[in-house]
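Report on the structure
Below are the chains, spelled out letter by letter.
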Amino acid sequence: MTLWYLARAAGVVTMIMFTLSAVLGMVMSGVRRPERRFWLQYVHRSAAVTGLVLLATHVVAVIADSYVAISPTVLVWPFGAAYRPFAMVVGALALYSLVLASLVGAARGRLAASATFTRHWRKLHIAASVGWLLSVGHALLAGTDRSTPWMLGITLGCLTAVATAGAYRLNNTTPKTARAWRTR
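Fair warning: this is a prediction, and the values are worked out from it, not measured in the lab.

On to the overall build of the protein, then. Per the secondary structure count, the protein includes six helices and zero strands. Along the protein, helices and strands appear, N-terminal first, in the series α-α-α-α-α-α. If one aligns the C-alpha atoms of the protein with their principal axes, the spans along those axes are about 60 × 40 × 25 Å. Sorting the 184 residues of the protein into buried and exposed places 32% on the buried side. Taking all contacts inside the protein whose residues are at least 6 apart in sequence as the whole, residues at least 24 apart take part in 64%. When the accessible area of the protein is evaluated, it comes to approximately 11200 Å², of which 72% is carbon and sulfur surface.

Structure representation (structure tokens):
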């Protein structure tokens, strides 16, 4: 039972940490003060790294747990999973997207001198958003607690937080002249 509890807890907290990272990533674009932006970026990256560690914990605990027969091959060929294969495909795609986004994020500072990389960084970093959305889908499809009120509340809270941050970012990135008519 310990591995099952560990896998569940790591999965839920992973989704929360990636939600925090996504929210901070979207909100940062509207912050102009360098010291505030520095701290928001620090927490954004820390939440993402914590999410990756918990994601690895979730994957290892699920594979090590003998109650559900999920083998390590599910990471390479998730369609072959005996336990909810579509949910495993969604989870594996989330894993790939989040790892890609973390590699791109880690390389950003080192490759900042490259004009080509800088130009394409945002396009590559969008994998984080795709991975977050797929992880929410995985939680709704695969989790043993997916239909419990507390899990639905956490999932709805994560979706609401990201939607609110997205609305904030869209509102904050429009030119001030276009926003002026709204305040009158």
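On to the environment of Leu 40. Position of Leu 40 relative to the elements: it lies in helix H2 (residues 34–64). Here Leu 40 is in contact with Leu 24, Met 28 and Val 31, once residues within four sequence places are set aside.

Where helix H1 (residues 2–27) meets H2, the axes come as close as 7 Å, and the angle between the chain directions of the two elements is 155°. It follows that H1 is roughly antiparallel to H2 by the angle criterion. Regarding H1 and H2, the two cross each other, and that crossing is left-handed. Of the residues that constitute the contact of H1 with H2, the class distribution is 19 nonpolar, nine polar and no charged.

A separate point is the environment of Gln 41. In this fold, Gln 41 is placed in helix H2. With a relative accessible area of 27%, Gln 41 lands in the partly exposed category. Taking the C-alpha atoms as reference points, Gln 41 and Gly 25, separated by 16 residues in sequence, lie 7.4 Å from one another.

Rules behind the numbers
Throughout, residues of each chain are indexed from 1 in the direction in which the sequence is written. Owing to the predicted nature of the model, reporting of local features is limited to residues with pLDDT of at least 70; listing and counting of side-chain atom pairs is limited to 80 or more, with chain, interface and lining totals taken over all residues. Here the side-chain values reflect all heavy atoms present in the structure, with hydrogen atoms and water set aside. Strands are runs of DSSP state E lasting at least two residues, helices are runs of H or I lasting at least four, and both sets are numbered from the N terminus onward. Three exposure classes are used, based on accessible area relative to the maximum for each residue type with a 1.4 Å probe and protein chains only: buried under 20%, partly exposed in between, and exposed over 50%. Any two residues having at least one pair of non-hydrogen atoms within 4.5 Å are treated as being in contact. All accessible areas in this document rest on Shrake-Rupley with a 1.4 Å probe, and a residue is counted as covered only by the protein chains that are shown. Fitted lines through C-alpha atoms serve as axes, helices being fitted only where they are in contact, and the angles separating the N-to-C directions of these axes extend from 0 to 180 degrees. Angles below 35 degrees are treated as roughly parallel, those above 145 as roughly antiparallel, those between 65 and 115 as roughly perpendicular, and all remaining angles as oblique. Take the far helix as the reference: if the near one is turned anticlockwise from it by less than a right angle, the crossing is left-handed, and if turned clockwise, right-handed. Gly is put with the polar residues, along with every residue not named as nonpolar or charged; the nonpolar set is Ala, Val, Leu, Ile, Met, Phe, Trp, Tyr, Cys and Pro, and the charged set is Asp, Glu, Lys and Arg.

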